[in-house]
Amino acid sequence: MIDEIPLGIVVLDTQRRIVLINRAFEALVGFSIEDARGIPCFHIMRSKLCIQQCPLVKMDSNSESIIVESDIINKERELIPVLINLSPIKDTDGNLTGFLETVEDLRPLKKVGDKSPKAYAFHHLIGKSPEMTRIFQTLPLLAQSDSAILITGETGTGKDMLAEAVHQASNRAKGPFIKVNCGALPETLLESELFGHRKGAFTGAVENKPGRFRLAHNGTLYLTEIGDLPLPLQVKLLTFLDDKVVYPLGSAKGFQADVRIIAATHRNLDLMVKERNFREDLMFRLNVVRLHLPPLRERGDDIRLILDHFINIFVTRFRKNINGLSKKALRILLEYPYPGNVRELRNIIEYAVNICPKGQIQFTHLPAYLSETKHHYDHSVPEEKESYQWTAPTVKSSSEPNGKKTWASLERGLIIEALVNSKGRRHKAADLLGWGRSTLWRKMKQYKIDA
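These figures come from a predicted structure and were not determined experimentally.

Visitor: What am I meant to see in helix H15 (residues 341-355) here?
Guide: One turn of an α-helix holds 3.6 residues; hence residues three or four places apart share an orientation. For H15, built from 15 residues, the straight-helix expectation of 21 Å at 1.5 Å per residue is met to within 8% by its first-to-last C-alpha distance of 22 Å. Of the positions making up H15, those classed as buried are Asn341, Val342, Glu344, Leu345, Ile348, Ile349, Ala352 and Val353. The arc that holds every buried residue of H15, seen down its axis, measures 165°, which confines them to one face. On its buried face, H15 is in contact with helix H13 (302-318), strand S15 (322-325), helix H14 (327-335) and strand S16 (359-361).

Visitor: How should I be thinking about the packing of helix H8 (residues 187-195) against helix H10 (residues 231-243) in this particular structure?
Guide: Axis separation between H8 and H10 bottoms out at 10 Å; the angle between their running directions is 15°. Between H8 and H10, the angle falls in the class roughly parallel. Once H8 is placed against H10, the crossing between them reads as right-handed. Residues Glu187, Leu190, Glu191 and Phe195 of H8 form the contact with H10, whose participating residues are Pro232, Leu233, Lys236 and Leu237. Partitioning the contact of H8 with H10 into residue classes produces five nonpolar, no polar and three charged.

Visitor: I keep staring at the layout of surface pockets and nothing clicks. Help me out?
Guide: To find leftover empty space, one rolls a probe the size of a water molecule over the atoms. The volume enclosed by the second largest pocket comes to roughly 480 Å³. Listed by contribution, the elements that provide at least two residues to the lining of the second largest pocket are strand S2 (18-21), helix H1 (23-29) and helix H2 (33-36). Here the residues of the lining of the second largest pocket are counted per class, giving seven nonpolar, five polar and 10 charged.

Visitor: How do you make sense of empty space enclosed by the protein when you look at a structure like this?
Guide: The full count for this structure, using the stated rule, is two cavities of 30 Å³ or more. For the largest cavity, the calculated volume is near 70 Å³. For the lining of the largest cavity, the secondary structure elements donating two or more residues are H1 and helix H9 (212-215). Among the residues forming the lining of the largest cavity, the class breakdown is five nonpolar, two polar and three charged.

Visitor: Please clarify how the packing of aromatic side chains should be interpreted in this entry.
Guide: Geometry of an aromatic ring pair is reported as the spacing of the ring centres plus the angle between the planes. Enumeration according to the criterion identifies seven aromatic pairs in this entry. Ring plane angle 85° and centroid distance 4.8 Å describe the contact between tyrosine 336 and tyrosine 338, whose orientation is recorded as edge-to-face. Members of the aromatic cluster, each reached through a chain of ring pairs, are Phe195, Phe213 and Phe240. Over the ring of phenylalanine 255 we find arginine 214, and its NZ or CZ is 4.0 Å from the ring centre. Geometry around phenylalanine 195 places lysine 236 over its ring, the cationic atom sitting 4.6 Å from the centre.

Visitor: Looking at this model, I keep getting lost on the pattern of salt bridges. Mind explaining?
Guide: Side-chain pairs of opposite charge can arise whenever the charged atoms involved come near each other. Taken as a whole and assessed by the stated rule, the structure comprises 17 salt bridges. A salt bridge links arginine 172 to aspartate 146; the nearest nitrogen and oxygen atoms lie 3.0 Å apart. One end of the pair, arginine 172, is in the loop between helix H7 (159-169) and strand S9 (177-181); the other, aspartate 146, is in the loop between helix H6 (130-143) and strand S8 (149-152), and 26 residues separate them in sequence. Between arginine 299 and aspartate 302 there is a salt bridge, and its shortest N-O distance comes to 3.0 Å. A relative accessible area of 4% places arginine 299 in the buried class. By relative accessible area, which is 0% here, aspartate 302 ends up buried.

About the cut-offs
- Residues numbered from 1 in each chain as written.
- Predicted model: local features only at pLDDT ≥ 70, side-chain atom pairs only at ≥ 80, totals over all residues.
- Heavy atoms only, no water.
- Helix = DSSP H or I, 4+ residues; strand = E, 2+ residues; numbered from the N terminus.
- Expected span 1.5 Å × (residues − 1).
- Buried < 20%, exposed > 50% of the residue type's maximum accessible area, 1.4 Å probe, protein only.
- Arc of directions from axis to C-beta.
- Contact = heavy atoms within 4.5 Å.
- Axes fitted to C-alpha atoms, helices over the stretch in contact; angles between N-to-C directions.
- Parallel < 35°, antiparallel > 145°, perpendicular 65-115°, else oblique.
- Left-handed = near helix turned anticlockwise from the far one by under 90°.
- Nonpolar A, V, L, I, M, F, W, Y, C, P; charged D, E, K, R; others polar.
- 1 Å grid on protein atoms, 1.4 Å probe; cavity = no way out; pocket = protein on both sides within 12 Å on 5 of 7 lines; lining within 4 Å.
- Points joined across faces, edges and corners; volume = space filled by probe spheres on them.
- Phe/Tyr/Trp six-rings, centres within 6.5 Å; stacked < 30°, edge-to-face > 60°.
- Lys NZ or Arg CZ within 6 Å of the ring centre and 35° of its normal.
- Salt bridge = Lys/Arg side-chain N within 4 Å of Asp/Glu carboxyl O.

Below, the structure written as structure tokens:
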């Protein structure tokens, strides 16, 4: 019964140890009931109330319920504003037997109540280019439906933020937002992670596990890197999209899950369908609504807008007395093509604000790779006349033995060239490609590249 309630619920014994939590609380804090059972509440809640003075210490059987606004830190170390209701639990004789806490996520209400001017923005997304303006105009309408959404775009363009923006603008905002990276786990573990399992379903299954679909009930399930989903799981996902029933591993009894699916990928799914690496019928089911995030290099004036936004964020966070960029640093940042897109720009600004002691951010405060290898600057020219030129990497045409080019062969060529340019240093090659190290390692293994 409590799993159907959209508020986080925690039942404690008289020693303030956790006895029971519901799915909404699991989704909020990131801990399962197996992790939390028998653990003191403050180890799971991690609220500032625990540090100051826990209201439950003085609560007895005669106490009234207490409502207090506070915050918690979840398993991903995110600070979440919450409204906590604490009440005593009494037996039939009126003796104290434990405590009941309800925890409401206030993030949607905080965003609605924020009246500060945010031109050219939708939630955490920023931009004024025609492509972004079109997305901002479409999002409020899309958010009100339960149709599946497919988000495409290069790595680092903000697909995760767009998915969360859709969730927060929908009537599911008070429900959980559960994210699963389909390329981060092997097939056997990913199936259990998504659909859950029953105790004894396989070796090592010592407890029942609800799975991400069950945790996302009454909310949104976000499947990032959907192009990396193994074919057998594509069939199982397609079955769920047809009948909305989840069957955990080792169980013949299904669970009716009210979940909205948002998927995202940087891959060309149309090409993957032609190469039979992705099911065409699943593509049709996910592609009800497609949103494409353009690369940063094609967004024009958005670069300056986002750049200023990140400077303001990190100057405030690091408490630095920084008042902008020098002309040389600004020119370089505006002309650089950002293969890693918005994520790369964010990292550059965070690094620069860390390095710059005060005043303006100079060219010397920018990451060194901006002036290495393919990036050429004439340092002998005064700042107001300096020339800047960026030479894009060239990719040799790769093809299959029959002469037909494929996405796989082109991607393999890109990886090999990045490794050559970085002299075999994988972390540098990953930076050049705009990927994480784990992504590069996985693709090198996929294409059998040894370096």
